[in-house]
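Tertiary structure, described
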Amino acid sequence: MAAAAAVIPPSGLEDGVSRARGEGAGEAVVERGPGAAYHMFVVMEDLVEKLKLLRYEEELLRKNNLKPPSRHYFALPTNPGEQFYMFCTLAAWLINKTGHPFEQPQEYDDPNATISNILSELRSLGRTADFPPSKLKSGYGEHVCYVLDCLAEEALKYIGFTWKRPSYPVEELEEETVPEDDAELTLSKVDEDFVEEETDNEENFIDLNVLKAQTYRLDTNESAKQEDILESTTDAAEWSLEVERVLPQLKVTIRTDNKDWRIHVDQMHQHKSGIESALKETKGFLDKLHNEISRTLEKIGSREKYINNQLEHLVQEYRGAQAQLSEARERYQQGNGGVTERTRLLSEVTEELEKVKQEMEEKGSSMTDGTPLVKIKQSLTKLKQETVQMDIRIGVVEHTLLQSKLKEKSNMTRDMHAAVTPESSIGFY
């Protein structure tokens, strides 16, 4: 955790938010570079580091028995349902980490309601979310990474996390060890080497103590004798062979120190002499090259003047042709503008003509169509049938009325006869 906190710069929060808000939050971006499509991968990697700082593995993943997401989990589409559930779970946990109570969403909850609740909490924290909520339904993409990154930053601010300066380990400088050559001897180890060589190879070296004792005895013996002329009894050939045999063993080489200023001065003098010797030779070649280049430039200048003089009339013709071409282009643009206007008028007239043709076709089809006449005839026939039926009904009604009148008349006549008969019978009696 400390290493991750040390590597990420302190401006990572603000930069990540600004980049995600400009590119992932749906705001209008005037021009996006070629790396904008890969920006969500960077945001996702920062999000994983922030989640590790919030200890989401111990507090969220192990409690809910979830697998840790990869560094590009929400940047690439793998399983939209699983990614959406993971997004909702992480968002709810981060909102709770910011100090706002938020219920853990379940698998069968309404996704639209869950997304709206998450966005409302995000806006309450002071973050912008100017994009449609449907962008979060897929469970992956730059908007998902943006929302989770903003919530993680707010959670870090709530717990009081601050970025610290990176602490670099102090490396101990190792002393340079120069491998010692077997043939070299340092002055500090001359005595030790001699002692070791005497114990190991006694037959190849002369014992100094024995020589001292012999010399002392010889001196005492000779002091007792009379002084005589000293004569060497050693053979010259044997002495030269012994010298040749012992000479490599007696060679003492003192190793020079590379830090000595005298060595640097000698090297500077050597380099200076080498540079001066190389400069003399190089200067001649450079002077020769300079002369050749200057001659070539003079030739090029003269050729250029000659070509300009020879092609001056062609250049004038070319300029005149360019002027004519520009005038022709202007006339073409003007004519093209007139053609465009006339084309627009032609299209309007064509539309009106099509409308008139369509109306004429409708009127002609209505005039030649016999369907209304057939309907009229059918209606007349139906009216005649209904008239006949009405006449029959009228006749029936008149007959009924006539019968009722006749019946009523007969009833009145009977009543009248019934009334006259009793009076005549009363007068008779």
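1. Re the overall build of the protein chain
For the protein chain, the helix and strand inventory stands at 13 helices and 0 strands. For the protein chain, the sequential pattern of α-helices and β-strands runs α-α-α-α-α-α-α-α-α-α-α-α-α. In the protein chain, which comprises 429 residues, the proportion classed as buried is 18%. Residue pairs in contact within the protein chain that sit at least 24 positions apart in sequence constitute 68% of those at least 6 positions apart. Accessible surface, the protein chain: about 34600 Å² in total, of which carbon and sulfur atoms supply 56%.

2. Thoughts on the nonpolar core
Core analysis: the largest hydrophobic core is formed by 42 residues, its most contacted members being F74, F87, L94, V147 and L148. Sorting the residues of this core by element identifies α3 (39-53), α4 (56-64), α5 (80-97), α6 (111-124) and α7 (142-158) as the ones contributing at least two each. When sequence neighbours within four positions are dropped, the list of residues in contact with V147 reads F87, I118, L122, F131 and L136.

3. Looking at the packing of aromatic side chains
Taken as a whole and assessed by the stated rule, the structure comprises 3 aromatic pairs. Seen in terms of ring centroids, F84 and F87 are 6.5 Å apart; in terms of plane orientation they differ by 45°. Their pairing is tilted. Taken together, the residues span about one helical turn, with F84 and F87 both in helix α5 at a distance of 3 residues. Taking relative accessible area as the criterion, F84 reaches 14% and is therefore assigned buried. What makes F87 buried here is its relative accessible area of 0%. Taken together, a centroid distance of 6.4 Å and an interplanar angle of 80° make the contact between F131 and Y146 edge-to-face.

4. A look at unusual backbone geometry
Its identity as a non-glycine residue notwithstanding, R55 has a phi of 60°, on the positive side. Classification of R55 as partly exposed rests on a relative accessible area of 47%.

5. What about the packing of α4 against α5?
Here α4 crosses α5 at 135°, and the two axes come no closer than 12 Å. By the criterion of interaxial angle, the relationship of α4 to α5 is oblique. Between α4 and α5 lies a crossing of right-handed hand. Residues Y56, E59, L60, L61 and N64 of α4 form the contact with α5, whose own contacting residues are M86, T89, L90, W93 and K97.

6. Notes on a nonpolar patch on the surface
Taken together, L286, L289, I293, L297 and I300 make up a surface patch of nonpolar side chains, about 470 Å² in accessible area. Looking at the element boundaries, L286 is found in helix α11 (residues 261-310).

7. A look at the confidence of the model for the protein chain
Model confidence for the protein chain is summarised by a mean pLDDT of 76, while 74% of its residues fall at 70 or above. Per-element confidence in the protein chain is highest for α11, whose mean pLDDT is 90, and lowest for helix α1 (residues 2-7), whose mean pLDDT is 36. Note on residues 175-191: pLDDT under 50 across the span, and 15 contacts to partners over four residues away in sequence or across chains. Considering only residues more than four positions removed or in separate chains, one finds that residues 197-206, a stretch of pLDDT under 50, has 6 contacts.

8. What about the side chain of T98?
Within the secondary structure layout, T98 lies in the loop between α5 and α6. Within the structure, T98 has its side chain in polar contact with the backbone oxygen of I95 (distance 2.4 Å). Apart from residues lying up to four places away in sequence, T98 is in contact with L125, L151, E154, A155 and Y158.

Cut-offs applied
Residues numbered from 1 in each chain as written. Predicted model: local features only at pLDDT ≥ 70, side-chain atom pairs only at ≥ 80, totals over all residues. Heavy atoms only, no water. Helix = DSSP H or I, 4+ residues; strand = E, 2+ residues; numbered from the N terminus. Buried < 20%, exposed > 50% of the residue type's maximum accessible area, 1.4 Å probe, protein only. Contact = heavy atoms within 4.5 Å. Areas by Shrake-Rupley, 256 points an atom, 1.4 Å probe, with all protein chains shown as cover. Core = buried A, V, L, I, M, F, W, Y, C linked by side-chain atoms within 4.5 Å. Phe/Tyr/Trp six-rings, centres within 6.5 Å; stacked < 30°, edge-to-face > 60°. Axes fitted to C-alpha atoms, helices over the stretch in contact; angles between N-to-C directions. Parallel < 35°, antiparallel > 145°, perpendicular 65-115°, else oblique. Left-handed = near helix turned anticlockwise from the far one by under 90°. Patch = residues over 30% accessible without salt bridge, like charges linked within 9 Å, V, L, I, M, F, W, Y side chains within 5 Å. Salt bridge = Lys/Arg side-chain N within 4 Å of Asp/Glu carboxyl O. pLDDT = per-residue confidence, 0-100. Polar contact = N/O pair within 3.5 Å; in protein donor to acceptor, adjacent residues only side chain to side chain.

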